[in-house]
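Close look at the chain arrangement
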Amino acid sequence: TWHLKKIPQIVSERTFSLDSPKFEAKPSLELNSVCGIECQRKLPAPSLSDLKNLLSYETIFENGTRTLTEVNVLGLTLDPAGNTTTHKTSRRKRQIYGTDSRFSIYDKRFMTNFPFNTAVKISTGCSGILISPKHVLTAAHCLHDGKDYVKGSKRLRVGLLKTKSRGDGRKRKGAKRNGMPSFQWTRVKSTHIPKGWFKGVSGDIALDYDYAVLELKRPHKRKYMELGISPTIKMMPGSMIHFSGFDNDRSGLLVYRFCSISDESNDLFYQYCDAEPGSTGSGVYLRLKEPNKKKWKRKIIAVFSGHQWVDVNGEQQDYNVAVRITPLKYAQICFWIHGNDENCAQG
């Protein structure tokens, strides 16, 4: 079952205007030279001032203006243990590991109903997930390469799969004649990216902060998925995670998969869920029971960051990596959704 826990507060202190970005970065679907499992184990735990810097964030608006918001972190208990991980390493290769275990969702009733209808497509080529009536969670590198915003993020749009309703005389662009769902595109009003994503851009990209939240110009009217704080592997029933996205090799289809997690650090899950570029930015969720209820409850506990080469025992290995929603990240994303910390005391 899910357990409520008190979370730290993130409050904004000051907001500055920044110059408009150039929007010249090339979108990258695979990141290299990343601090891997061994490297993560050696990292010291960040101090309070480090965290305040990492969790400060940029907001970019649809007219190209940009701000930086500095934050303060309240009620945080620092963990002196640093980035502890479980010690399990195994060797595999490729983004599809062995038999391809992905499921293409062909049935339009499944595609357009919960939980699959929470998956969205980002116009830069990634996936995302609905987390409020007008907010989408995705990966930061779908929008920004650590130095500049990617081409195409200036006029960012989000695509929601929708079937043509009866009486809808206008045929949407891209709609299939066989009644299959097609994307209905919505403009993005603003985007939040944590400053931690810009850290160390000269060498290693700081994968721990590879997440972003998009605010839609118009609210959608469908059920969205709630956020949860990611438990450790030991506390996860069957350590089984699920996510759906729009993999590039299966054009126009929603692709669902589930798998177990192989390894973890404080901020990352390492796993072998089969995935291809395009599914990056998908919301990784768990199914648990609500206390005293028979129904399953799904909550997003990570953001799929994609296929990464990481250092393990001095050698390069590849994993599919997801960024965990820690109590601090939960507080930050919740603050971005609500604009205050009143609704974000427990997660």
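The structure we're discussing is the one just above.
In this report, the structure presented in the accompanying data block is examined. Keep in mind it's a predicted model, so treat the numbers as computed, not measured.

What follows covers the overall build of the chain. Helices and strands together make up the secondary structure of the chain, namely four helices and 18 strands. By sequence separation, contacts in the chain at least 24 residues apart represent 74% of the contacts at least 6 residues apart.

This part takes up helix α4 (residues 327-338). An ideal rise of 1.5 Å per residue puts 16 Å on 12 residues; α4 measures up with 16 Å between its terminal C-alpha atoms. Taken across its 12 residues, α4 has 10 buried, putting it largely inside the fold. What α4 keeps buried is the set Leu328, Lys329, Tyr330, Ala331, Gln332, Ile333, Cys334, Phe335, Trp336 and Ile337. Positive phi shows up at Gly339, right after α4, with a value of about 80°.

Once that is clear, we can look at the side chain of Glu264. Counting through the fold element by element, Glu264 comes out in strand β14 (residues 254-264). Looking at Glu264, its side chain comes within polar contact range of the main-chain nitrogen of Ile233, at 3.2 Å. In this structure the side chain of Glu264 is engaged in a polar contact, spanning 3.1 Å, whose partner is the side chain of Arg324.

Take the pattern of salt bridges next. Here the idea is simple: oppositely charged side chains can pair when their charged atoms come close. Using the criterion set out here, one finds nine salt bridges in the structure. With its nearest N and O atoms 2.7 Å apart, the salt bridge here joins Asp267 to Lys329. Placement of Asp267 in the loop between β14 and β15 (268-271) and of Lys329 in helix α4 is noted, with a sequence separation of 62 residues between them. The two residues Asp267 and Lys329 agree in class, both being buried. Salt bridges linked by common partners bring Glu62, Arg187 and Lys217 together as one network.

Reading the values: the criteria
- Residues numbered from 1 in each chain as written.
- Predicted model: local features only at pLDDT ≥ 70, side-chain atom pairs only at ≥ 80, totals over all residues.
- Heavy atoms only, no water.
- Helix = DSSP H or I, 4+ residues; strand = E, 2+ residues; numbered from the N terminus.
- Contact = heavy atoms within 4.5 Å.
- Expected span 1.5 Å × (residues − 1).
- Buried < 20%, exposed > 50% of the residue type's maximum accessible area, 1.4 Å probe, protein only.
- Polar contact = N/O pair within 3.5 Å; in protein donor to acceptor, adjacent residues only side chain to side chain.
- Salt bridge = Lys/Arg side-chain N within 4 Å of Asp/Glu carboxyl O.

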